[in-house]
Amino acid sequence: MVTDVLKEMMNAALSAAAVDGAIALEAMPPVEFERPRKREHGDWSTNVALAAGRGGDNPRAIAQALIDRLPPSDMVESVEIAGPGFLNFRLAPKWLHDVVFRASDPKSGFGRTDEGAGIKVNVEYVSANPTGPISVVGGRHAAVGDALSNLLEATGHEVVREYYVNDAGRQIRLFARSLSVRYLEQFGVPGEIPEDGYQGEYVIVLARRLAEELGDRLVHASEEERDATMRRIGLERMLAEMRATLERFGTHHQVWFLESSLQESGATRSAIEKLGAGGWVEERDGARWFLSSRLGDDKDRVLVRSSGEPTYLASDSAYLLDKSRRGFDRLIYILGAGHHGTVPRWLAAAEALGIDRSRVEMPLIQNISLVRAGVTVRASKRAGNVVPLDELVDEVGVDAARYNFLNRSLESPLEFDIDLVKQQAPENPVYYVQYAHARISSILKKAEEKALRVQDAELGMLTHEREDSLMRKLAAYEETVPDAAHRRAPQRLTRYIEELATDFSAFYRDCKVVTDDQQLSKARLRLCLATKSVLADGLSILGVSAPERM
């Protein structure tokens, strides 16, 4: 990135000024650059002259001393002192030409950094209970988790995508009991779904299949044996369906981690013992309590019930330890908004277990509502109380669903307008961006038919204001990707590629690409190629396709 070049230049100037005695440095100040608010103030600005001075020093004099010692660079056109001592850099056209060449070269690594090299990150997301189909809420989690993982990889991190399967505890028991009742109904044996059980039609469909496969051999079995069988087979079938839904959506988890494995391996017991050994557990009325209020939670939490059954917190604590022992430097849990109360107790557990809580992140995703013709879409009868992701994908497609799940911040509730998303019009952002990519593909194909080669393009021909704006927007991609990764904000990338598509449309409207001037045509085609490459790369990070034609 150009800021790396500017930082090297400024550090060299600081060192030279200190050696010459022009400035007195107790320590080398950090050099940071930011874009000025107004374009007339230059391309990049730094306040390093203000930070380098001591009491009584004149920052403007320091700024001049630094300018005098800046090493030459064909990337920089001029440097000016502004205000109390800011240094404003104006970049030379070569900078933008370099951007175009690198952006259009798939081997250049344009938009990639290595700042995360050596950092291993676990991203756990979706992790819906294996008791029903993946919902549209789970779909938004999948899109966010995928995009965030891709952004982290684009910035050099080693990422493992993980799904935590809650196959132990009350919900899976309720699911097994509900499935048993529906199974018995297939043989004329009436029953009652337990309170808070699973009412969806998918339970009836699964029970009917199991009745065909197993026959009536479980009708006269004990309730315990029947429920155990339904739990085992039902879990297997639901996980297969959930995997198929996620695979269809383009989500691929490398690890599917079973909660039950923590209990079977003794990891849950070990975590409880570790918390106790640290003085973080107290006996009360036959139960064991985690003293989480001492670590920032609003109250203490039950760790082991008086019945001896561990709570979810016990399993969650063991899971934290397991991830830490697998060598992850950062643990990211993508959670639903309903887990806001979970965050303090998990962070307290991490600290009590000796895990630096700064290594643990828990971004919360707000809920989603589907709207058709201005009316909220109701839950599916098949799925019970949720709208299945498969049904939405059937209607709008994977790309439209993914992109629109990502074009709002995680902290904002999302209203998904099905009618808008299905439109093939500029008002539909995913169509708008994909159409820009397809249009460029068509332009490049026609140029190829005319034997116009862009490899030897002379980019000095690009002097139109629309060309300049488009090149500058391309340059911003190198800032946008790491910024979106740092902020855990994929929506910054959707906003960027929409703005890039808009700048390209303005360029295409005002600048004829293939003209009678062959050199100008080559230069504009190279700019088109760079734009196409960045659009495709941005869409790829978001998990959205970049069609060659539409």
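Not measured: the values here are computed from a predicted model.

(A) Spotlight on the sheet that holds strand β12 (residues 360-361). Taking strand neighbours across the sheet as the criterion, the five strands line up as β6-β5-β4-β10-β12 in an open arrangement whose pairing is parallel. Each edge of the sheet is formed by a strand with only one pairing partner; in this case those strands are β6 (255-258) and β12. Relative to strand β10 (residues 330-333), strand β4 (residues 120-124) runs parallel, the two sharing four bridges. Bridge pairing in β10 links Asn122 to Leu331.

(B) Summary view of the packing of helix α7 (residues 201-214) against helix α8 (residues 223-249). The contact between α7 and α8 brings their axes to 12 Å, and the two run at 115 degrees. Considering how the two elements wind past one another, α7 and α8 form a crossing that is right-handed. Residue-level inspection shows Tyr202, Leu206, Leu210, Glu213 and Leu214 of α7 in contact with α8, the latter providing Met230, Ile233, Gly234, Arg237 and Met238. Looking at the contact of α7 with α8 residue by residue, the classes come out as seven nonpolar, one polar and two charged.

(C) Fine view of the layout of surface pockets. For the second largest pocket, the calculated volume is near 620 Å³. In terms of lining residues, the second largest pocket is bounded by 22 residues, among which Ala476, Glu479, Thr480, Asp483 and Arg492 are the most central. Counting only elements with at least two residues in the lining of the second largest pocket, the list comes to α1 (2-20), α18 (477-487) and α19 (491-510). Across the lining of the second largest pocket, the residue classes tally to six nonpolar, three polar and 13 charged. Looking at which domains feed residues into the lining of the second largest pocket, each of domain 1 (2-91) and domain 4 (426-542) gives three or more.

(D) Focus on the pattern of salt bridges. Here the structure, examined in full by the defined rule, presents 43 salt bridges. We note a salt bridge from Arg35 to Glu479, for which the minimum N-O separation is 2.4 Å. Taken together, the residues Arg35 in the loop between α1 and β1 (44-46) and Glu479 in helix α18 connect sequence positions 444 residues apart. Arg35 sits in the partly exposed class, given a relative accessible area of 34%. Exposure remark for Glu479: the relative accessible area of 25% places this residue in the partly exposed category. In this structure, Arg301 and Asp297 form a salt bridge, with 2.7 Å as the shortest nitrogen-oxygen distance. A relative accessible area of 13% places Arg301 in the buried class. One continuous salt-bridge network, built from bridges that share partners, spans Arg39, Asp43, Asp468 and Arg472.

Procedures and definitions
- Residues numbered from 1 in each chain as written.
- Predicted model: local features only at pLDDT ≥ 70, side-chain atom pairs only at ≥ 80, totals over all residues.
- Heavy atoms only, no water.
- Pairing = 2+ DSSP bridges.
- Helix = DSSP H or I, 4+ residues; strand = E, 2+ residues; numbered from the N terminus.
- Axes fitted to C-alpha atoms, helices over the stretch in contact; angles between N-to-C directions.
- Left-handed = near helix turned anticlockwise from the far one by under 90°.
- Contact = heavy atoms within 4.5 Å.
- Nonpolar A, V, L, I, M, F, W, Y, C, P; charged D, E, K, R; others polar.
- 1 Å grid on protein atoms, 1.4 Å probe; cavity = no way out; pocket = protein on both sides within 12 Å on 5 of 7 lines; lining within 4 Å.
- Points joined across faces, edges and corners; volume = space filled by probe spheres on them.
- Domains from an automatic or database assignment.
- Salt bridge = Lys/Arg side-chain N within 4 Å of Asp/Glu carboxyl O.
- Buried < 20%, exposed > 50% of the residue type's maximum accessible area, 1.4 Å probe, protein only.

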